[in-house]
Amino acid sequence: MRHLGFFFTGFLFFSIGYGQSIETKKKYSLLNPVPKKEMKEMETDRPDVTESAYSVSAGHFQFESDLVRMAFNKSDGLSNTEIAYNLANLKLGLTEKMDIQFVIPTFVSIRTTEIATDKLINKSSGFDDITVRIKYNIWGNKGGKTALAVMPYISFPTSSISYNGHTGGVIIPFALELKKGWSFGTQIAIGFSKEDNDRYYNGYLYSFTFGKTLSSKLSVFTESYISYASFEKSTEAYFNGGIVYALGDNFNLDAGFNYGLTKASDKVLFTGFSFRL
């Protein structure tokens, strides 16, 4: 897994160095924040699975969270329920094109029972793995109809309920503004995870989402994604949807669902919020 750590570290130093070279020509940075009156509309990586192609404004902090996320799964005679509380993403704008993100699951509870007898098989709870991500916007951060970004990430084995080793990968999100309040987003993700045989295997994900602005405060989205795990040689497909309500320019509430279309896929309900400073 060292190659992933080297890749992530190298990308971070390259991005910071490149960003600083741009900042010598441009105006704003972590230490010289974008004035609030010049800030673009708040863009978030939630509530859909497809990540935003836009980074947080330089020098500003953004907080995004699944306040409650419930995942249900029934397969192989077992019923699994996982509840995550305050699955938080803390984001800080470093340059005009780049931010750093810390994904921290505050508390996770897992319960497994036997369907036929309702016998408790497993019950655990605690802190889960922390993920660090760097998002670099390639184009479109300041406007235009399209935007593209690259986001490498690495997860550290901080969990008190499972051991997954160091995992990571890279996500490439793309955004397209359509007519009449419609927007489109898509992403490709490649990940690496440690399996039971102590070896690392690839995983792949492709998603696309459509958003619709209904009013100055209300918007909705519909989404689909498919993932493939090379270790299990399994494919999962999801249909998702949700609603976002803006309490102001810098605060959103949201709720939605992820509905697994394949037999072993989770059924997920969530509600959360996002704000920036």
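Note that the coordinates shown come from a computational prediction; the quantities given were computed from them, not determined experimentally.

Q: I'd like to hear about empty space enclosed by the protein, residue by residue, with values.
A: One pass over the full model with this rule turns up 1 cavity of 30 Å³ or more. If you add up the space inside the largest cavity, you get close to 60 Å³. Of the residues that constitute the lining of the largest cavity, the class distribution is 4 nonpolar, 3 polar and 4 charged.

Q: Residue-level account of the environment of aspartate 128, with values.
A: Looking at where aspartate 128 falls in the secondary structure, it is placed in the loop between strand S4 (120-126) and strand S5 (130-139). Along the primary structure aspartate 128 and serine 162 are separated by 34 residues, whereas in three dimensions their C-alpha atoms are 7.7 Å apart. Excluding anything up to four places from it in sequence, aspartate 128 contacts Pro105, Val108, Thr158, Ser159, Ile161 and Ser162. A distance of 3.3 Å separates polar atoms of two side chains, one belonging to aspartate 128 and the other to serine 159.

Q: Explain the side chain of asparagine 141 to me, and be specific about the residues and the numbers.
A: Examined against the element boundaries, asparagine 141 turns out to sit in the loop between S5 and strand S6 (146-156). Apart from the residues lying within four places of it in its own chain, the contact partners of asparagine 141 are Lys40, Ala53, Tyr54, Ser55, Glu96 and Lys97.

Q: Quick one: what's the story with the pairing of strand S1 (residues 61-75), residue by residue and with numbers?
A: Note that S1 and strand S2 (residues 78-93) share 14 bridges and pair antiparallel. Across the sheet, residue alanine 71 finds its bridge partner in S2, namely glutamate 82. As consecutive antiparallel partners, S1 and S2 are separated by 2 residues, and within that stretch aspartate 76 has a phi angle of approximately 55°, a positive value. In terms of strand pairing, S1 meets strand S13 (residues 267-276) through 10 bridges, oriented antiparallel. Bridged to alanine 71 within S13 is valine 268.

Q: Break down the pairing of S13 for me, with residues and values.
A: As judged from the 9 bridges shared by strand S12 (residues 251-260) and S13, these two strands associate in the antiparallel manner. In the strand pairing of S13, leucine 253 is matched with phenylalanine 273. The loop that links S12 with its antiparallel partner S13 comprises 6 residues.

What counts as what
- Residue positions are given per chain, counted from 1 along the sequence in the order it is written.
- A pLDDT threshold of at least 70 governs which residues receive local features in this predicted model, and a stricter bar of 80 or more applies before side-chain atom pairs are shown or counted, although totals over entire chains, interfaces and linings include all residues.
- The side-chain numbers reported here are obtained from all heavy atoms of the structure, hydrogens and water having been left aside.
- Cavity and pocket criteria rest on a 1 Å grid covering protein atoms alone: a 1.4 Å probe that fits but cannot get out defines a cavity, protein on both sides within 12 Å along at least 5 of 7 lines defines an open pocket, and an atom within 4 Å of a point defines a lining residue.
- Grid points are joined across faces, edges and corners, and a volume is the space filled by probe spheres set on the points.
- When residue character is reported, Ala, Val, Leu, Ile, Met, Phe, Trp, Tyr, Cys and Pro are called nonpolar, Asp, Glu, Lys and Arg charged, and the others, Gly included, polar.
- Where helices and strands are cited, they refer to DSSP runs of H or I of at least four residues and of E of at least two residues respectively, numbered from the N terminus.
- When checking whether two residues touch, look at their non-hydrogen atoms; a contact exists if any pair is within 4.5 Å.
- Pairs of N or O atoms within 3.5 Å make up the polar contacts considered here, provided that, within protein, one atom can donate a hydrogen while the other can accept it, and that residues adjacent in sequence are counted only when both atoms are side-chain atoms.
- Here, a strand pair is defined by DSSP locating no fewer than two bridges between the strands.

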